[in-house]
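# Notes for the structure review
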Amino acid sequence: MDKLVIKDLRAYAYHGVYERETKTGQNFLINATIYCDFKEAAKDDEVLKAVDYGKVCHFLHAYFTSRTFKLLETAVEKMSKETLYRFPGIRKIVIEVKKPEAPIGLPFDYVSATKEAKWHKVYLSVGSNLGDKNENIEKGIEELNEREDCRVLEVSSIFKSKPYGKLDQDDFLNGALAIETVLEPDELLKVLKEIEAKAGKGHTIRWGPRTLDLDIVFYDQLVYDTKELQIPHIDMENRDFVLVPMSELGDYIRHPVTGLTIRQMLENLKLKSPGYILE
């Protein structure tokens, strides 16, 4: 990916733990490495297609000097994400804030904090089998898209499917969506659970009825395992209600562990379970 570099942008601001820092202020230096695509702007030498690094500098300076944070860690965390929200052409940004006048009481050059923030490509599975199923799915997607830290890029068709695992319940409606998010996997999971809870009842029984179900299928090419979350989604290769909607979004998408594409997983499932696949 192409990059622009902003080096030692000077800012006088009021960040720190001590009162003299927040009252008197001190000098800071801001470094930013901006990752973007030069291709379209460079092809026609078109300014309007490029990331305006002058505007980025003014934004960083204004953001940093108009607020007071105790910690540099907080400053770089918030500033990196806010810059991504403000400038759509930036795919990733690394921000470092240097504090050359930190109250340490020993000789030093500076202390600094660095944060990387980027847009991650994520695929989600969505389903519902309680209440107005279509409306539940639509509202869930809408709520996700209204967030500043998420962008819905594409939504599949909605398919009807038989229950999986626990069969004595109503049929499901299922789909898939592609999003971009700056959230880390655990942060995204928390957001999805909040949207599910807001939709209403469900999730009390494993494989049981759901007003709304939002699951992470892929997150970039990440392999991620915790007690609460596994990425890629476990057992997706045996679930037609995941693979069929996902195939609409990209049957070329490859599983980061098995190396199989969505198309290959779907073909394998058809061989194992003829008549089972959604059409």
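Everything discussed here concerns the structure shown above.
The present account deals with the structure reproduced in this document. (Residues numbered from 1 in each chain as written. Predicted model: local features only at pLDDT ≥ 70, side-chain atom pairs only at ≥ 80, totals over all residues. Heavy atoms only, no water.)

## Focus on a negative patch on the surface
- Judged by side-chain charge, Asp132, Glu138, Glu142 and Glu146 come together as a negatively charged surface patch.
- Considering the arrangement of structural elements, one finds Asp132 in the loop between strand E5 (120–128) and helix H5 (133–145).
- Judged by its relative accessible area of 43%, Asp132 is partly exposed. (Patch = residues over 30% accessible without salt bridge, like charges linked within 9 Å, V, L, I, M, F, W, Y side chains within 5 Å. Areas by Shrake-Rupley, 256 points an atom, 1.4 Å probe, with all protein chains shown as cover. Salt bridge = Lys/Arg side-chain N within 4 Å of Asp/Glu carboxyl O. Lys, Arg positive; Asp, Glu negative; His and termini not counted. Charge placed at Lys NZ, Arg CZ, Asp CG, Glu CD. Helix = DSSP H or I, 4+ residues; strand = E, 2+ residues; numbered from the N terminus. Buried < 20%, exposed > 50% of the residue type's maximum accessible area, 1.4 Å probe, protein only.)

## Regarding the pattern of salt bridges
- Counted according to the given criterion, the structure contains 19 salt bridges.
- Here Glu77 makes a salt bridge to Lys115, at a shortest N to O gap of 3.3 Å. With a gap of 38 residues between them, Glu77 in helix H4 (residues 72–86) and Lys115 in strand E4 (residues 111–118) connect regions that are remote in the sequence.
- Judged by its relative accessible area of 23%, Lys115 is partly exposed.
- Between Asp213 and Arg210 there is a salt bridge; the shortest N-O distance is 4.0 Å. Comparing Asp213 with Arg210 shows no difference in burial state: the two are buried.
- Overlapping salt bridges, with partners in common, bring together Glu77, Lys81, Lys115 and Glu187 in one network.

## Focus on the packing of helix H7 (residues 240–250) against helix H8 (residues 262–272)
- Where H7 meets H8, the closest approach of the two axes is 9 Å, and the angle between their N-to-C directions is 145°. Where H7 crosses over H8, the handedness of that crossing is left-handed. Listed contacts from H8 to Asp240, Leu243, Val244, Met246, Ser247 and Gly250 of H7 are Ile262, Met265, Leu266 and Leu269.
- Residues that form the contact of H7 with H8 fall into these classes: 7 nonpolar, 2 polar and 1 charged. (Axes fitted to C-alpha atoms, helices over the stretch in contact; angles between N-to-C directions. Left-handed = near helix turned anticlockwise from the far one by under 90°. Contact = heavy atoms within 4.5 Å. Nonpolar A, V, L, I, M, F, W, Y, C, P; charged D, E, K, R; others polar.)

## As for the pairing of strand E3 (residues 92–99)
- Most of E3 sits inside the fold, with 8 of its 8 residues counted as buried.
- Where burial is concerned, the two faces of E3 agree: the one with Lys92, Val94, Glu96 and Lys98 and the one with Ile93, Ile95, Val97 and Lys99 are both buried.
- As defined by bridge partners, strand E2 (residues 26–36) adjoins E3 across 7 bridges and the pair is classed as antiparallel. Paired with Asn31 across the two strands is Glu96, which belongs to E3.
- Judged from the 8 bridges that link them, E3 and E4 form a sheet pairing that is antiparallel. Among the inter-strand pairings, Lys98 is bridged to a residue of E4, identified as Ser112. (Pairing = 2+ DSSP bridges.)

## Here we look at the packing of aromatic side chains
- For the coordinates displayed, the defined rule picks out 5 aromatic pairs.
- Between Tyr12 and Tyr14, the ring centres sit 5.9 Å apart and the planes meet at 80°, which makes this aromatic pair edge-to-face.
- Since its relative accessible area comes to 28%, Tyr14 is described here as partly exposed.
- Taking the centre distance of 6.3 Å and the plane angle of 55° together, the rings of Tyr85 and Trp119 count as tilted. With Tyr85 in helix H4 and Trp119 in the loop between E4 and E5, the pair connects residues that are 34 residues apart, well separated along the chain.
- Joined through ring pairs, the aromatic side chains of Phe59, Tyr63 and Phe87 make up one cluster.
- For Arg67, the ring lying beneath its charged end belongs to Tyr63, and the centroid distance is 3.7 Å.
- Note that Lys92 overlies the ring of Tyr35, its terminal NZ or CZ placed 4.3 Å from the centroid. (Phe/Tyr/Trp six-rings, centres within 6.5 Å; stacked < 30°, edge-to-face > 60°. Lys NZ or Arg CZ within 6 Å of the ring centre and 35° of its normal.)

## Focus on H5
- With 13 residues, H5 should reach 18 Å at 1.5 Å per residue; the first-to-last C-alpha distance of 19 Å fits that figure.
- For H5, every residue scored as buried is listed here: Lys133, Asn136, Ile137, Gly140, Ile141 and Leu144. Down the axis of H5, the buried side of the element spans an arc of 125°, and every buried residue falls inside it.
- In this structure, the buried side of H5 is in contact with E5, strand E6 (150–155), strand E8 (172–181) and helix H6 (185–199). (Expected span 1.5 Å × (residues − 1). Arc of directions from axis to C-beta.)

## Quick word on the nonpolar core
- Grouped together as the largest cluster of nonpolar side chains are 33 residues, with contacts concentrated most on Ile34, Leu60, Phe64, Ile95 and Val97.
- Every residue in contact with Phe64, bar those within four places of it in the chain, is listed here: Ala11, Ala13, His15, Phe28, Ile30, Ala75, Met79 and Val97.
- Judged by nonpolar contacts, the second largest core, of 23 residues, contains Leu124, Leu188, Ile216 and Ile231. (Core = buried A, V, L, I, M, F, W, Y, C linked by side-chain atoms within 4.5 Å.)

## Quick notes on the pairing of E2
- Of all 11 residues in E2, 10 are buried; the element is thus mostly enclosed.
- When strand E1 (residues 2–13) meets E2, the two strands line up antiparallel, connected through 10 bridges. Paired with Ala11 across the strands is Phe28, a residue of E2.

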